[in-house]
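# Notes for the structure review
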Amino acid sequence: MAILECKGLSKSYGPVRALDGVDFAVAPGRIVGLLGPNGSGKTTLIKLANGLLTPTAGQILINGQVPGIETKKVVSYLPERSCLPEWMSAAQLMGFYGDFYADFDRTTAKAMLARLNIDSKARLRHLSKGNREKVQLIMVMARRAQLYLLDEPIGGVDPAARDFILSTILSNYNPTATVIISTHLIADVERVLDDVIFISQGKVVLAAPADQLREQQGKSVDQIFREVFRC
Amino acid sequence: MEWRFEGGAPIYAQIVDAVKLAIVSGELPPGARLQGVRELALEAGVNPNTMQRALSELERQGLLYTLRTAGRYVTGDEAVIRAARRELAGGYVDAFLTAMERLGMEKSDMIKLLEADTRRYEHGNFGV
């Protein structure tokens, strides 16, 4: 069964169609790039998968279920913006995540914080922006989830931090879990992707295995993206 | 092993070539044991499924073999390694010829150039 499935999924904000009849299914064990320019509907799709929005029409299913309490147990979500209270420390957050999610692995989280020399006693407010983002990613990836939904995980960070984030994703997801990474920074992520989904103005314009695209077109996914979305 | 990936070719095909080069050059000697798929994928910064696909392809070509529980090894069969060397060399010759033709070089010019370089090699200026 597909871990994530969209059937005729549409979402409108008033007169604006953010998603317009999206159909696709993602199998377990894949790392999928959800790629599209700003405003194409990536974040809307991810919020729908988390039950933060409800569809205007169609369906989005996680393991065959409508997003809700049961699906949140198996979905680990990294929002586009920081969602963590800044007065908390990483140590307090680990307690918080451990209480909320049965699949949270505190040992893994601790090891990752230690490797980055992040002081787990310090309040988030007193950490650098880069380190705050890393703490949030660590909390998300330290869950033993079935589906990771990462909304722009490499958006605002420097290239060294990007490498850290990508290697964290590669080393922490288990081979039966699925990772969906939404981004417009394709050159940085394309070597970790199994599949790519191009989304434009709320519609899926291309969905295929990354290596198959490169083979057929003799171009990198980054180049193909630039051609599909040429301004 | 150094991993660099570029544009057009599929990543798995680039991994196949990189490992092949390491075997042919002796960096990975016959009988050497490879790291696990996950470790290699992490080192190369690629998806584990992609690494798995590349290693399976190298097994299919006879350059690697798997012992059920003990891991994956470089073949000890010199003939297979020689064939891989010829195949890689063929690829470089192909690229060389394509570039030379674009420059408008005749076969005789190319041979002169190659011989000049060979002489340099013989005089020990090649830094080998």
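Residues numbered from 1 in each chain as written. Chains lettered and ligands numbered in written order. Predicted model: local features only at pLDDT ≥ 70, side-chain atom pairs only at ≥ 80, totals over all residues. Heavy atoms only, no water.

### Observations regarding the overall build of chain B
Along chain B, the regular secondary structure elements total five helices and two strands. Compactness check: chain B gives a C-alpha radius of gyration of 18 Å against a globular reference of 14 Å for 128 residues, more than 25% above the reference. For the C-alpha atoms alone, the extent of chain B along its principal axes is close to 55 × 30 × 25 Å. Counting all 128 residues of chain B, 31% fall into the buried class. Of the contacts formed within chain B by residues at least 6 apart in sequence, a portion of 49% connects residues at least 24 apart. If you sum the accessible surface of chain B, you get close to 8,100 Å²; carbon and sulfur atoms cover 53% of it. Side-chain charges in chain B split into 16 positive and 18 negative, and the spacing between the mean points of these groups amounts to 4 Å. (Helix = DSSP H or I, 4+ residues; strand = E, 2+ residues; numbered from the N terminus. Rg over C-alpha atoms; globule rule 2.2 N^0.38 Å. Buried < 20%, exposed > 50% of the residue type's maximum accessible area, 1.4 Å probe, protein only. Contact = heavy atoms within 4.5 Å. Areas by Shrake-Rupley, 256 points an atom, 1.4 Å probe, with all protein chains shown as cover. Lys, Arg positive; Asp, Glu negative; His and termini not counted. Charge placed at Lys NZ, Arg CZ, Asp CG, Glu CD.)

### What about empty space enclosed by the protein?
All names here are of chain A. In this structure the tally under the stated criterion is one cavity of 30 Å³ or more. The space that makes up the largest cavity amounts to roughly 40 Å³. Along the walls of the largest cavity sit L4, F24, L34, L45, I46, A49, L149 and I180, which together make up its complete lining. For the lining of the largest cavity, the leading source of residues is helix 1 (residues 42-49), giving three residues. Looking at the lining of the largest cavity residue by residue, the classes come out as eight nonpolar, no polar and no charged. (1 Å grid on protein atoms, 1.4 Å probe; cavity = no way out; pocket = protein on both sides within 12 Å on 5 of 7 lines; lining within 4 Å. Points joined across faces, edges and corners; volume = space filled by probe spheres on them. Nonpolar A, V, L, I, M, F, W, Y, C, P; charged D, E, K, R; others polar.)

### A short note on the domain arrangement of chain B
The accessible area lost on association of the parts is a frequent measure of interface size. Residue and element names in this part refer to chain B. Partitioning chain B into domains gives domain 1 (11-76) and domain 2 (79-122). Distance between the C-alpha centres of domain 1 and domain 2: 27 Å. At the interface, ten residues of domain 1 touch seven residues of domain 2. Overall, the association of domain 1 and domain 2 removes approximately 710 Å² of surface from exposure, summing both partners, and the carbon and sulfur fraction of that is 75%. The largest contributions to the domain 1 side of the interface with domain 2 come from K20, L21 and V24, which together make up 57% of the buried area. Counting across the interface, domain 1 meets domain 2 through one salt bridge. One salt bridge connects K20 with E87, and the closest N-O pair in it is separated by 3.0 Å. Along the contact surface separating domain 1 from domain 2 lie two residue pairs in polar contact (both at pLDDT 80 or more). Along the lines of polarity and charge, the residues of the side of domain 1 that touches domain 2 split into five nonpolar, three polar and two charged. (Domains from an automatic or database assignment. Buried area = accessible area lost by both parts, 1.4 Å probe. Salt bridge = Lys/Arg side-chain N within 4 Å of Asp/Glu carboxyl O. Polar contact = N/O pair within 3.5 Å; in protein donor to acceptor, adjacent residues only side chain to side chain.)

### Brief notes about the packing of aromatic side chains
Residues and elements named next belong to chain A. The tally for this structure, following the rule as stated, stands at nine aromatic pairs over all chains. Between F100 and Y101, the ring centres sit 6.2 Å apart and the planes meet at 45°, which makes this aromatic pair tilted. By relative accessible area, F100 is classed as exposed at 58%. Ring plane angle 50° and centroid distance 4.5 Å describe the contact between F225 and F229, whose orientation is recorded as tilted. This pair shows no difference in class: F225 is buried, exactly as F229 is. One aromatic cluster in this structure is built from F96, Y97, F100, Y101 and F104. (Phe/Tyr/Trp six-rings, centres within 6.5 Å; stacked < 30°, edge-to-face > 60°.)

### So, the pairing of strand 7 (residues 178-183) of chain A
All names here are of chain A. Across the six residues of strand 7, six count as buried, placing the element largely inside the fold. Every second residue of strand 7 is oriented toward a common face, with T178, I180 and S182 on one face and V179, I181 and T183 on the other, all of them buried. Direction of pairing for strand 3 (residues 31-35) relative to strand 7: parallel, over a ladder of five bridges. By the bridge assignment, L35 is partnered in strand 7 with T183. Bridge analysis of strand 6 (residues 147-151) against strand 7 gives five bridges, and the strand direction is parallel. If you follow L147 over to strand 7, its bridge partner there is T178. (Pairing = 2+ DSSP bridges.)

### A short note on the interface of chain B and chain A
Each partner contributes to the interface: chain B provides 18 residues, whereas chain A provides 19 residues. Carbon and sulfur atoms supply 48% of the area that chain B and chain A bury against each other, a total of about 1,400 Å² over both sides. If you sort the residues of chain B by the area they bury against chain A, R38, L42 and N47 of chain B come out on top, with a joint share of 33%. Counting across the chain B and chain A interface gives one salt bridge. Put simply, R53 of chain B and D211 of chain A hold a salt bridge, and the shortest N to O gap is 4.0 Å. At the boundary of chain B with chain A, the tally comes to eleven residue pairs in polar contact (both at pLDDT 80 or more). Counting residues per element, the ones that place at least two in the side of chain B that touches chain A are helix 1 (11-24), helix 2 (37-44) and helix 3 (48-60) of chain B.

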